[in-house]
Amino acid sequence: MTHQIADAAAPLTVLAEDERIFRESVREFAEAQVRPLVREMDEQAKIPRSLVDRLFDLGVMGVEVPEAFGGSGGRFFHSVLAVEELSRVDPSVGVLVDVQNTLVINALLRWGTDDLRTRYLPRLAAQAVGAYALSEAGSGSDAFALTTRATDAGDDYVLTGRKLWITNANEADIFIVFATVDPAAGYRGITAFVVERGFPGFAVGKKEDKLGIRASSTCELILDDCRVPRANVLGEVGKGYKTAIETLNEGRIGIGAQMIGLARGALDAAIQYTRTRKQFGKAIAEFQAVQHQIARAAVELEAATLTVYNAARLRDAGRPFLTEAAICKIFASEAAERIASLAVNLLGGNGFVKEYPVEKFYRDAKIGQIYEGTSNLQLQTIAKQIIG
Ligand SMILES: Cc1cc2nc3c(=O)[nH]c(=O)nc-3n(C[C@H](O)[C@H](O)[C@H](O)COP(=O)(O)OP(=O)(O)OC[C@H]3O[C@@H](n4cnc5c(N)ncnc54)[C@H](O)[C@@H]3O)c2cc1C
């Protein structure tokens, strides 16, 4: 009897050579260039432009931009690795890179005309930060209830309205803005536009004062008769809902990556601390109760990592990943909150003060269950897919 040996698929967590080298370079960068700034950035609620410039130099601001446009010519999985590694040190830097790649560049690559790609991808890969503006005061989970209006004015569209909660708004030069060309048409009126900071009628408004990811800017956008050239319509008029749904499905994997990076950072800090902190004459890591708590966190982190990597690899393989992306986002964000909370507990009093990194991870973890679709909305997506 002959045995057919099937080609074994590579294990999810085994990285290809290029992925391993890329991850290593981002990890080294995060340790050397980001870690020394984490506390100051949190206190000042700002990522310095000099660090943003170094992120461009590293090649993580244009991961999937083709080399011909000055980008790194990587895959979605590389973006996930970059977000994970940066978030291990600072989830605020992680989300800056995440929005740039998984939402803004992704949308332009998939929906942009040749003209839009030629005009914007080289800038996004070299020096321009991007932002993605869907939410409004009255439309969060119900994103397609947005009211920002786009009026056809011949060569231009004129945009009027307010966007809320826009990540990267302070740093960004290029914004993908969703507006409706016809409020009566419901979601079929929604259209995506590429808007530049310098367009007349555009302004960045109030910056939010937040619980976590404080260094990441989150601002209001003000569009007062903002003139946007017709050539800057991204995708088809009235098909912006499709652009939003599809880019956010991918974006969610990026948030999963941010959360597993955060959880890894918190768990590493807790392990390091428990090995050196002595009580009752020994390191607290020697107590079996502590060992089991750490082991349980490692179990959760491993499971979360597998869901994120699986969703990302499905996406790169061109296979359906809607359910898997929602699963990884909800699972990784909930695991990150639990692991960061445990890390605070294991550091005792030191877990509660700013000299140690875990209180920040705990604050930063909360956002994972809110943006790019709350946990309830992820459950709704999963239920719809599996129940019908
Ligand atoms: C720091 C930060 C950064 C952000 N960055 C961006 C960005 O870059 N771009 C952007 O466009 N937006 C951004 N957002 C907005 C974010 O995506 C929304 O806050 C999020 O989608 C939730 O919307 P909401 O705040 O209006 O809450 P709501 O939609 O009002 O939800 C409130 C609660 O009601 C629940 N709920 C609502 N509807 C249902 C339902 N049908 N079934 C069950 N439960 C429901 C929710 O789960 C939640 O618990 C950001 C938000 C924050 C806080």
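Since the model is a prediction, treat every value here as computed from it, not as a measurement.

Peer 1: Just to check I follow, could you spell out the environment of Asn101 for this structure?
Peer 2: Tracing the sequence through the fold places Asn101 in helix H5 (residues 91-111). Spatially, the C-alpha atom of Asn101 lies 18 Å from that of Ala317, the residues being 216 residues apart in sequence. When neighbours within four sequence positions are excluded, Asn101 is seen to be in contact with Val60, Met61, Gly62, Val63, Glu64, Ser79 and Asn106.

Peer 1: Help me out: how do you make sense of the pattern of salt bridges in this one?
Peer 2: Opposite charge on two side chains allows them to pair when their charged atoms are near. Under the defined criterion, the tally for this structure stands at 35 salt bridges. The salt bridge involving Arg75 is made with Asp18; its shortest N-O contact spans 3.4 Å. Of this pair, Arg75 sits in the loop between helix H3 (49-58) and helix H4 (76-89) while Asp18 is found in helix H1 (residues 17-34), placing the two residues 57 residues apart along the sequence. Judged by relative accessible area, Arg75 falls into the partly exposed class, the value being 35%.

Peer 1: Mind showing me how you'd approach the packing of aromatic side chains here?
Peer 2: Ring pairs (aromatic) are described by centroid distance and by the angle formed between their planes. Scanning all chains against the criterion turns up eight aromatic pairs. Relative to Tyr241, the ring of Phe144 has its centre 6.5 Å away and its plane inclined at 80°; by these criteria the two rings are edge-to-face. Residue Phe144 is found in the loop between strand S1 (129-133) and strand S2 (149-153), and its partner Tyr241 is found in helix H7 (residues 240-276); the two are separated by 97 residues along the sequence. Given the relative accessible area of 27%, Phe144 is considered partly exposed. Three or more aromatic residues link up through ring pairs in this structure, and these residues are Phe144, Tyr187 and Tyr241.

Peer 1: Can you walk me through the site of the ligand in this structure?
Peer 2: Around the ligand, a shell composed of 19 residues is seen, among which Ser135, Ser141, Trp165, Thr167 and Thr374 lie nearest. A distance of 2.9 Å separates an oxygen atom of the ligand from a polar atom in the backbone of Leu134. Interatomic distance of 2.6 Å between a side-chain N/O atom of Ser141 and an oxygen atom of the ligand. Contact with the protein chains removes 65% of the 970 Å² of surface that the ligand exposes when unbound.

Peer 1: For this particular structure, what's the right way to read the pairing of S1?
Peer 2: Moving residue by residue along a regular strand, the side chains alternate between the two faces of the sheet. The buried fraction of S1 is high, at five of five residues. Taking every second residue as pointing to the same face, both faces of S1 are buried, with Val129, Ala131 and Ala133 on one and Gly130 and Tyr132 on the other.

Peer 1: Just checking my understanding: could you explain the environment of Ala269 for this structure?
Peer 2: One can find Ala269 in helix H7. Look at Ala269 and you get buried, because its relative accessible area is 14%. For the pair Ala269 and Val358, spaced 89 residues apart in sequence, the C-alpha separation works out to 7.2 Å. Once you skip the residues sitting within four places of it in the chain, Ala269 turns out to touch Leu347, Pro357 and Val358.

Peer 1: Explain the layout of surface pockets to me, please; I cannot follow it from the model alone.
Peer 2: By rolling a water-sized probe across the atoms, one finds the places where empty space is left. When its volume is computed, the largest pocket comes out at roughly 1,300 Å³. Around the largest pocket, the lining comprises 45 residues; the ones closest to its centre are Gly140, Leu248, Arg252, Glu372 and Gly373. Of all elements in the fold, only H5, strand S3 (156-167), H7, helix H10 (358-365) and helix H11 (375-387) reach the threshold of two or more residues within the lining of the largest pocket. Partitioning the lining of the largest pocket into residue classes produces 21 nonpolar, 14 polar and ten charged. Size it by volume and the second largest pocket reaches roughly 250 Å³. Lining of the second largest pocket is provided by 13 residues; of these, Val38, Arg39, Lys354, Tyr356 and Pro357 occupy positions nearest its centre. When contributions to the lining of the second largest pocket are tallied by element, the ones reaching two or more residues are helix H2 (38-44) and H10. Here the lining of the second largest pocket is built from residues that sort into five nonpolar, no polar and eight charged.

The rules behind each value
Residue numbers here run from 1 along each chain, matching the order of that chain's written sequence. Where local features are concerned, this predicted model is filtered to residues with pLDDT of at least 70; where side-chain atom pairs are given and counted, the filter is 80 or more; whole-chain, interface and lining totals use all residues. Values shown for side chains rest on all heavy atoms present in the structure; no hydrogens or waters enter the calculation. To qualify as a helix, a DSSP run of H or I must reach at least 4 residues; to qualify as a strand, a run of E must reach at least 2; elements of each kind are numbered from the N terminus. By the convention used here, residues are in contact when the closest approach between their heavy atoms is within 4.5 Å. Salt bridge, as applied in this entry: a Lys or Arg side-chain nitrogen positioned within 4 Å of an Asp or Glu carboxyl oxygen. Three exposure classes are used, based on accessible area relative to the maximum for each residue type with a 1.4 Å probe and protein chains only: buried under 20%, partly exposed in between, and exposed over 50%. Only Phe, Tyr and Trp rings take part, Trp by its six-membered ring, and two of them pair if their centres are within 6.5 Å. Stacked means planes under 30 degrees apart, edge-to-face means over 60, and tilted covers everything else. In this text, near means that some heavy atom of the residue lies within 4 Å of the molecule or strand in question. Polar contact is defined as a pair of N or O atoms within 3.5 Å, subject to the rule that within protein one atom must be able to donate a hydrogen and the other to accept it, and that residues adjacent in sequence are counted only when both atoms are side-chain atoms. The protein chains shown are the only cover counted for residues, whose accessible areas, like all others here, come from Shrake-Rupley with a 1.4 Å probe. Cavities and pockets were defined on a 1 Å grid built over protein atoms only: a cavity is a set of grid points that admits a 1.4 Å probe from which the probe cannot escape, a pocket is an open set flanked by protein on both sides within 12 Å along at least five of seven lines, and lining residues are those with an atom within 4 Å of any such point. Grid points are joined across faces, edges and corners, and a volume is the space filled by probe spheres set on the points. Each residue gets one of three labels, nonpolar for Ala, Val, Leu, Ile, Met, Phe, Trp, Tyr, Cys and Pro, charged for Asp, Glu, Lys and Arg, and polar for the others, Gly among them.

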